[in-house]
Amino acid sequence: MTDRRRINGPAGTTIPPVFEDEDIKHDSKVVKGRSRAPDAVRRMFLKTGVTPSASGSAYLEYESSAKSGVSGLKLSCTVHGPRSLPRSSPFSPHIVLSTHVKYAPFATKQRRSYLRDPSERDLGTHLETALRGAIIADRWPKSGVDIIISVIEGDQDRASSNIQGDETWDMMNVLSGCITVASAALADAGIDCVDTVAGGVAALVQNAGEDSTPTIVVDPIPSEHEKILGACCIAYLPTRDEVTNLWFKGDLSASAMDLYTKLVENGILASTSANRVLVASLNETLA
Amino acid sequence: MATLTSAGEQPPAQPSLTFTRPVFAKLSPHPYLLHTLSPSDPSTTPSSRTNGRKPNEARKIQINTSSLSQAHGSALVRTGDTTVICGVRGEILPVAAIPQFRENKNRKYDDAGTLEEKGRKELKEYDLLVPNIELATGCAPQFLPGVPPTTLVQTVSTRVYSLLHSTGLVDVEGLRIWYTHTRGGDGDKMEGVEGEEAHEEEDEELEPEIKAYWVLYIDLLFVSFDGNPFDAAWAAVVAALKDTKLPAARWDPDREMVVCSGKEEQKKKLNVRGLPVASSAAVFLEKEHAEEREGDRHWILLDPDRQEEGLCNEVITMVVDCNGQDGELRIRSIEKQGGTVLGRELIRGFAGVAEERWKEVVAAMQ
């Protein structure tokens, strides 16, 4: 049943444009490779106070890579609250976080619908875990706060075709951005936190052929690498040296223990870089 | 306080009650707005609104285009604290998927006027424009996600939809994907040219036919909301459509599907007719809860913000376009609701205000 409260368009299904094969080959026949050092994250832009009517808000943009057609991540976050919970809800001794992550319909290669899909809910729960460790929750009993993130543009290569299943890796990058931007918006809203939490991603990639030795890079862009074996998204509190959320995906053997620790270490490295930007941006608003 | 007085300290003689403007405006919005609009000495302090603007002063508008890479066209519009992003994305609707498709055969015998009329009908019948608005981004405290689309969202979307069709902004020719039949496997280009020149002699087979349409999904996302959503949304739609470039598409008879060329230089700009601009104003009455009576004062506030919208019942939206021949002012739509203040004279006067606004917005678009 179609949603009658929106304008749904024609009854027949529409097809996203299919491009001619030769053009695609022409555009992305070579995996360009990474233009940054393995331990360098992309530059980012963070600004708080983009939505004046919200309690707190922030906007985060990742630099798009040099290749055209690859979009940088663009996120906008608003925080509403803390405010009292509705009467019907049960007593809560601490603040109730509710997180919403929503892709704009024009954010990704495929047009997104207006209803939240499972991956967006998944991102929401990961974000909630990451932030819960940072907020001093028992300062606000019986109250709730809404954290809403709109993904204005996802991290996707428009030119490359869909063979690699990039979406799962893209979600990691989106989540790390979400954590950083939500942390900035929480600070803008004046909600007490033990520290500013920031997200970072590290990945184990294979750049040349099946047999080459995999390397670990931070802040991976899937289209820059031939194959991603595993990735790890970390939410990290630098002054406390605590990890509030860890999300690993991939296919690695269980015996390679130091590989996992290295991935986490590099994730923390990426997260501290993001944290520097975050702190600098928050200091700027104070000045 | 009790400890202070018992200690014999002097309480402050005059409890200072000086609030800043925003605090006053929040505590009692209606009297405060009335007070600033009708100052006791108009010669020194001009009549102004809570936000410091004059009654017929709109917020400055800023328009950025082509900032999104996944959409075919995009625009970001910012007026004061209202920020809206519009992304236009084309998707292909094959003719086979349209239930009641009938091609207009005697197209070329029509004159330009009826052709345009038929084009508009085509656009509407096959529903090729799909505007939608998303407000539930926390852009204001009353718009939180997790709820179905509110009435406001639905009305604004519908108004954008009907205005898109009534103004005929998009030329349907840019959305058609043609295919010319060829008899043999060879020389299709040659025959195509011949068919153009001498279609009278050729049989039906050589006539180009429509195989598919582009459907434009026009999605609007409010990043920040501070009143007057329709003007901002409409400006964003017009700017994004002007920015839209669709890839060159052709029908591939072997695969029976439409394929597009990925080359940047083959992209075609959408043909956008005219440049309509919407201006809204709200009518502020002297009495807060009473019906309008003869002799009561009222003010027409152009481009109302969120607080003013809450205080006003009567709203007028006028869409004007001065883009035609010799820059003549043309009114494309008038909508007015709730109240009896705006009569014929006032609406006529408002057309002048809308014309001024048109110039501002068009200057921002360039």
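Structure: see above.
Residues numbered from 1 in each chain as written. Chains lettered and ligands numbered in written order. Predicted model: local features only at pLDDT ≥ 70, side-chain atom pairs only at ≥ 80, totals over all residues. Heavy atoms only, no water.

Participant: What's the story with the overall build of chain A in this structure? I'm lost.
Facilitator: In terms of helices and strands, chain A carries four helices and nine strands. The secondary structure elements of chain A, listed N-terminal to C-terminal, are α-β-β-β-β-α-β-α-β-β-β-β-α. Within chain A, the proportion of its 287 residues that are buried is 52%. Long-range contacts, defined as pairs at least 24 residues apart, comprise 71% of the intrachain contacts of chain A with a sequence gap of at least 6. For chain A, the accessible area works out to roughly 13,000 Å², and carbon and sulfur atoms hold 54% of it. (Helix = DSSP H or I, 4+ residues; strand = E, 2+ residues; numbered from the N terminus. Buried < 20%, exposed > 50% of the residue type's maximum accessible area, 1.4 Å probe, protein only. Contact = heavy atoms within 4.5 Å. Areas by Shrake-Rupley, 256 points an atom, 1.4 Å probe, with all protein chains shown as cover.)

Participant: Looking at this model, I keep getting lost on the interface of chain B and chain A. Mind explaining?
Facilitator: A common way to report how large an interface is uses the accessible area buried once the components associate. The partner chain A presents 44 residues to the 58 residues of chain B that form the contact. When chain B packs against chain A, the two sides together hide about 4,500 Å² of surface, and 55% of this comes from carbon and sulfur. Summed over the shared surface of chain B and chain A, the result is one salt bridge. As a salt-bridge pair, arginine 111 of chain A and aspartate 219 of chain B come within 3.0 Å of each other at their nearest N and O atoms. At the boundary of chain B and chain A, one finds 19 residue pairs in polar contact (both at pLDDT 80 or more). For the side of chain B that touches chain A, the secondary-structure elements that each account for two or more residues are β3 (82-94), β4 (129-134), α5 (151-167), β6 (208-224) and β9 (257-260) of chain B. With nine residues, β3 of chain B is the largest single contributor of residues to the side of chain B that touches chain A. Of the residues assigned to the side of chain B that touches chain A, the class counts are 33 nonpolar, 15 polar and 10 charged. (Buried area = accessible area lost by both parts, 1.4 Å probe. Salt bridge = Lys/Arg side-chain N within 4 Å of Asp/Glu carboxyl O. Polar contact = N/O pair within 3.5 Å; in protein donor to acceptor, adjacent residues only side chain to side chain. Nonpolar A, V, L, I, M, F, W, Y, C, P; charged D, E, K, R; others polar.)

Participant: Explain unusual backbone geometry here, please?
Facilitator: For residues that are not glycine, phi is negative in most cases, and the peptide bond is trans in most cases. Residue glycine 81 of chain A is joined to proline 82 of chain A through a cis peptide bond whose omega torsion reads 0°. You can see proline 82 of chain A is positioned in strand β3 (residues 74-84). One non-glycine residue, lysine 142 of chain A, lies in positive phi territory at about 55°. Looking at the element boundaries, lysine 142 of chain A is found in the loop between α2 (118-132) and β5 (143-153). The backbone phi angle of aspartate 303 of chain B is positive, close to 55°, even though this residue is not glycine.

Participant: Help me understand helix α9 (residues 344-365) of chain B in this model?
Facilitator: The periodicity of an α-helix, 3.6 residues per turn, causes residues three or four places apart in sequence to face the same way. Residue and element names in this part refer to chain B. Counted at 1.5 Å a residue, the expected span for α9 with its 22 residues is 32 Å, and the 31 Å between its end C-alpha atoms agrees. Along α9, the residues that are buried comprise Ile347, Phe350, Ala351, Ala354, Arg357, Trp358, Val361, Val362, Ala364 and Met365. Mapping the buried residues of α9 onto a view down its axis gives an arc of 140°, with all of them on the same face. Among the exposed residues of α9, those pointing more than 90 degrees away from its buried face are Glu345, Arg348 and Ala363. (Expected span 1.5 Å × (residues − 1). Arc of directions from axis to C-beta.)

Participant: So what exactly am I meant to see when it comes to the packing of aromatic side chains here?
Facilitator: Applying the stated criterion across every chain, the model contains nine aromatic pairs over all chains. Measuring from ring centre to ring centre gives 6.5 Å for phenylalanine 45 of chain A and tyrosine 59 of chain A, while their planes differ by 65°; the resulting arrangement is edge-to-face. Residue phenylalanine 45 of chain A is located in strand β1 (residues 44-48), and its partner tyrosine 59 of chain A is located in strand β2 (residues 56-62); the two are separated by 14 residues in the primary sequence. Phenylalanine 45 of chain A gets classed as partly exposed once you look at its relative accessible area, which sits at 44%. Given a relative accessible area of 18%, tyrosine 59 of chain A falls into the buried group. Centre to centre, the rings of tyrosine 126 of chain B and tyrosine 213 of chain B are 5.5 Å apart; their planes meet at 45°, and the pair counts as tilted. Taken together, the residues span a long stretch of sequence, with tyrosine 126 of chain B in the loop between α4 (112-125) and β4 and tyrosine 213 of chain B in strand β6 at a distance of 87 residues. Overall, tyrosine 213 of chain B belongs to the buried group, its relative accessible area being 0%. Following the ring pairs from residue to residue traces out a cluster consisting of Phe101, Tyr126 and Tyr213 of chain B. One Lys or Arg, arginine 112 of chain A, reaches over the ring of tyrosine 103 of chain A and ends 3.9 Å from the middle of that ring. (Phe/Tyr/Trp six-rings, centres within 6.5 Å; stacked < 30°, edge-to-face > 60°. Lys NZ or Arg CZ within 6 Å of the ring centre and 35° of its normal.)

Participant: Looking at this model, I keep getting lost on the side chain of serine 224 of chain B. Mind explaining?
Facilitator: Structurally, serine 224 of chain B is set in strand β6. Of the residues examined, serine 224 of chain B reaches a relative accessible area of 1% and is grouped as buried. When residues no more than four places from it in sequence are discounted, the contact partners of serine 224 of chain B are Val50, Thr51 and Pro52 of chain A together with Asp81, Thr82, Thr83 and Cys139 of chain B.

Participant: What am I meant to see in the sheet that holds strand β7 (residues 215-218) of chain A here?
Facilitator: Strands belonging to one sheet form pairs held by backbone hydrogen bonds; the direction of such a pair is parallel or antiparallel. Residues and elements named next belong to chain A. One open sheet holds the four strands; their spatial order is β7-β6-β8-β9, and the pairing between them is antiparallel. Since the sheet does not close on itself, it has two edges, and those belong to β7 and β9 (242-250), each with one partner. Averaged over all neighbouring strand pairs, the angle between strand axes comes to 20°, with direction disregarded. Pairing geometry for strand β8 (residues 227-237) and β9, over eight bridges, is antiparallel. Bridge pairing in β9 links alanine 231 to lysine 249. α2 contacts β8 and β9 of the sheet and is inclined by roughly 150° relative to β9. Together, β6 (198-206), β7, β8 and β9 form the strand contacts of helix α4 (residues 257-286), whose direction differs from that of β6 by roughly 140°. (Pairing = 2+ DSSP bridges. Axes fitted to C-alpha atoms, helices over the stretch in contact; angles between N-to-C directions.)

Participant: Help me out: how do you make sense of the sheet that holds β2 of chain A in this one?
Facilitator: Residue and element names in this part refer to chain A. Read across the sheet, five strands follow the order β1-β2-β3-β5-β4 without closing on themselves; strand pairing throughout is mixed. In this open sheet, the two edge strands, each paired with only one partner strand, are β1 and β4 (96-103). Going from strand to strand, the sheet's axes swing by 15° on average, the running direction of each strand aside. Relative to β2, β1 is paired through five bridges, and the arrangement is antiparallel.

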